[in-house]
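# Coordinates in review
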Amino acid sequence: MITISELSKKANVTPRTLRYYDSINLLKPLGVTEGGHRTYRKEDIIKLQQIQFLKKVGFSLKEIKQLIENDDLDPVDHIKNQLNLIRSEQKLLKEMERDLVGLLHSHSIEGRLNWDLILQMLQHQQTGQMEMREYSKQWFGEKVDEVTKKLPNINDDNKETGEWIDLIKALQDMMDQPPNSIEVQTIVEEIWMKSKSLYGDDEQLQQQLWEVRKSPEKSSRLGWYPLDEKLLRFLDQAFAIYENGGKIHD
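Residues numbered from 1 in each chain as written. Predicted model: local features only at pLDDT ≥ 70, side-chain atom pairs only at ≥ 80, totals over all residues. Heavy atoms only, no water.

### Considerations on helix α2 (residues 15-23)
Within α2, the full set of buried residues consists of Leu18, Tyr21 and Asp22. When α2 is viewed along its axis, its buried side chains cluster within an angular range of 105 degrees and face the same direction. Residues of α2 that are exposed and angled more than 90 degrees away from the buried face: Arg16 and Ser23. Along its buried surface, α2 packs onto α1 (4-11), β3 (38-40), α3 (43-56) and α4 (61-69). Asn25 sits one or two positions beyond α2 and adopts a positive phi of about 60 degrees. (Buried < 20%, exposed > 50% of the residue type's maximum accessible area, 1.4 Å probe, protein only. Helix = DSSP H or I, 4+ residues; strand = E, 2+ residues; numbered from the N terminus. Arc of directions from axis to C-beta. Contact = heavy atoms within 4.5 Å.)

### Overview of the environment of Asn70
Within the secondary structure layout, Asn70 lies in the loop between α4 and α5 (75-110). Assessed through its relative accessible area of 36%, Asn70 is described here as partly exposed. In sequence terms Asn70 and Asp201 are 131 residues apart; their C-alpha atoms lie 66 Å from each other.

### Side note on the environment of Asn180
By the element assignment, Asn180 lies in the loop between α9 (159-173) and α10 (182-199). Under the relative-accessibility criterion, Asn180 is labelled partly exposed at 30%. Considered as a pair, Asn180 and Tyr242 are 62 residues apart in the sequence and their alpha carbons are 7.8 Å apart.

### Here's the deal with the side chain of Thr161
With respect to the helices and strands, the residue Thr161 is situated in helix α9. Among the residues examined, Thr161 registers a relative accessible area of 4% and is labelled buried. Not counting the four nearest positions on each side in its chain, Thr161 is found in contact with His105, Asn153, Ile154 and Asp156.

### Some details on a nonpolar patch on the surface
A surface patch of nonpolar side chains, about 370 Å² in accessible area, is lined by Leu113, Trp115, Leu119 and Leu122. Its place among the elements puts Leu113 in the loop between α5 and α6 (115-127). Residue class for Leu113 comes out partly exposed when judged on its relative accessible area of 33%. (Patch = residues over 30% accessible without salt bridge, like charges linked within 9 Å, V, L, I, M, F, W, Y side chains within 5 Å. Areas by Shrake-Rupley, 256 points an atom, 1.4 Å probe, with all protein chains shown as cover. Salt bridge = Lys/Arg side-chain N within 4 Å of Asp/Glu carboxyl O.)

### Some words on the packing of aromatic side chains
For the structure on display, the rule yields two aromatic pairs. Relative to Trp224, the ring of Phe140 has its centre 6.3 Å away and its plane inclined at 15 degrees; by these criteria the two rings are stacked. In this pair, Phe140 is assigned in helix α7 (residues 129-140) and Trp224 in the loop between α12 (216-221) and α13 (229-243), connecting sequence segments 84 residues apart. As far as burial versus exposure is concerned, Phe140 and Trp224 are alike and both buried. (Phe/Tyr/Trp six-rings, centres within 6.5 Å; stacked < 30°, edge-to-face > 60°.)

Structure, rendered in structure tokens:
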């Protein structure tokens, strides 16, 4: 026989929790002392550990009571259902995590929370997945899967995406400089090299990517994060100079 305080310490639960379990007939004490203290069997330690484990993996106290007390109950279906529920919640949490990462990245690019842009992208992504896929095929044909897989995504929390965002921010900070300045051309070269590392020497594909990227309308139809048009024009000028060997076109 052990006291409620001893059981509480052994199982790392509060006496208040044990009293609640008693009130719902989940874990009844052996008896009560003259002083009004509950006493338990040593076997109740194991039962309490079972309760705590099942609670830890998400079962409700009502479900736990059924699993522990009903010997005729097959627990497999209950366990499978709980596993499927956890996996669904896990998927939802992962989507929420990606959305929050995208929100931070958007703030980093815009310098503020551009809600009009964010809600516009959300609506488009929710209603136009098939449309975006078909439009991507029109532009990239058989290379659509390669483009989709390798293209940086604002919702990705990885080094690659962070580096792209840093380059965009750096370029934004240099828009008061001429596009043929050493600083701007250095950033343009980094962008070119990163793009080349993704898509190799396929200049036609890279040109197609840029044609889409510099068009806010096309970028939106593909679900890409739309960059500021002024920045895109500046980048287009800088790239033209870069491709011309650093010389300004007449």
